[in-house]
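Letter by letter, the chains look like this.
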Amino acid sequence: MTDTIFGKIARGEIPADLIYEDEDCVAFRDISPQAPVHILIIPRKSIPTLDHAQPQDAELIGKLFLAAAAVARQVGIADNGYRTVVNCNAAGGQTVFHLHVHLLGGRSLGWPPG
Ligand code: AMP
């Protein structure tokens, strides 16, 4: 198991601007927001990248996206729309190696992403 800053946030060892938590997932505001709403949803379980996810993680990954949708409704961006992003490894832009979903909204988002 790898440990990262997100693992420490999930265990409550370092502070974060928490938005939501349940037994499997934690959501908190990104420290360097790229949109008016930029929240990260992470599993408590440490999975370094999406490429490390195993068939037994299927339910957990489903819960992660359902938590992202619940958080989007909670912060009021669901009706206008939002984007969920999972960066994987270096060329995908991943910098923290604890699987996480970015929830971005509060403005119109361009496509394709950079
Ligand atoms: P990624 O590049 O997909 O791995 O995303 C990592 C994200 O974590 C970036 O958007 C960072 O701004 C964010 N980040 C890094 N450290 C923290 C922290 N301590 N609290 C909140 N967000 C963080």
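Please refer to the structure placed before this passage.
One structure accompanies this document, and this report is about it. (Residues numbered from 1 in each chain as written. Predicted model: local features only at pLDDT ≥ 70, side-chain atom pairs only at ≥ 80, totals over all residues. Heavy atoms only, no water.)

This part is about the site of the ligand. Lining the immediate surroundings of the ligand are 15 residues, of which Asp30, Asn87, Gly93, Thr95 and His102 lie closest. At 2.8 Å from an oxygen atom of the ligand is found a side-chain nitrogen or oxygen belonging to Asn87. Gly93 is positioned such that a nitrogen or oxygen atom in its backbone is 2.8 Å from an oxygen atom of the ligand. Mapped by element, the contributors of at least two residues to the shell around the ligand are α1 (5-10) and β2 (25-29). Of the residues in the shell around the ligand, the class split is six nonpolar, seven polar and two charged. (Near = heavy atom within 4 Å. Polar contact = N/O pair within 3.5 Å; in protein donor to acceptor, adjacent residues only side chain to side chain. Helix = DSSP H or I, 4+ residues; strand = E, 2+ residues; numbered from the N terminus. Nonpolar A, V, L, I, M, F, W, Y, C, P; charged D, E, K, R; others polar.)

So, on to the environment of Gly106. Within the secondary structure layout, Gly106 lies in the segment after β5 (101-105). Judged by its relative accessible area of 48%, Gly106 is partly exposed. Expressed as a C-alpha distance, the spacing of Gly106 and Asn80, which sit 26 residues apart in the sequence, is 8.1 Å. Not counting chain neighbours up to four residues away, the residues in contact with Gly106 comprise Pro36 and Ile77. (Buried < 20%, exposed > 50% of the residue type's maximum accessible area, 1.4 Å probe, protein only. Contact = heavy atoms within 4.5 Å.)

Ranked by size, the top nonpolar core spans 18 residues in total, and within it Ala27, Ile39, Ile41, Leu64, Val71 and Leu103 carry the most contacts. For this core, the secondary-structure elements that each account for two or more residues are β2, β3 (37-43), α2 (58-74) and β5. The element best represented in this core is α2, accounting for seven residues. Not counting the four nearest positions on each side in its chain, Leu64 is found in contact with Cys25, Ile41, Ile42, Pro43, Leu99 and Val101. Core analysis: the second largest hydrophobic core is formed by eight residues, Ile9, Val26, Phe28 and Ile42 among them. (Core = buried A, V, L, I, M, F, W, Y, C linked by side-chain atoms within 4.5 Å.)

Strand order in the open sheet made by the five strands is β1-β2-β3-β5-β4, with antiparallel pairing throughout. In this open sheet, the two edge strands, each paired with only one partner strand, are β1 (18-21) and β4 (82-85). Sheet twist, expressed as the average angle between the axes of neighbouring strands with direction ignored, equals 20 degrees. As defined by bridge partners, β3 adjoins β5 across five bridges and the pair is classed as antiparallel. Each bridged residue has a counterpart across the sheet, and for Leu40 the counterpart in β5 is His102. (Pairing = 2+ DSSP bridges. Axes fitted to C-alpha atoms, helices over the stretch in contact; angles between N-to-C directions.)

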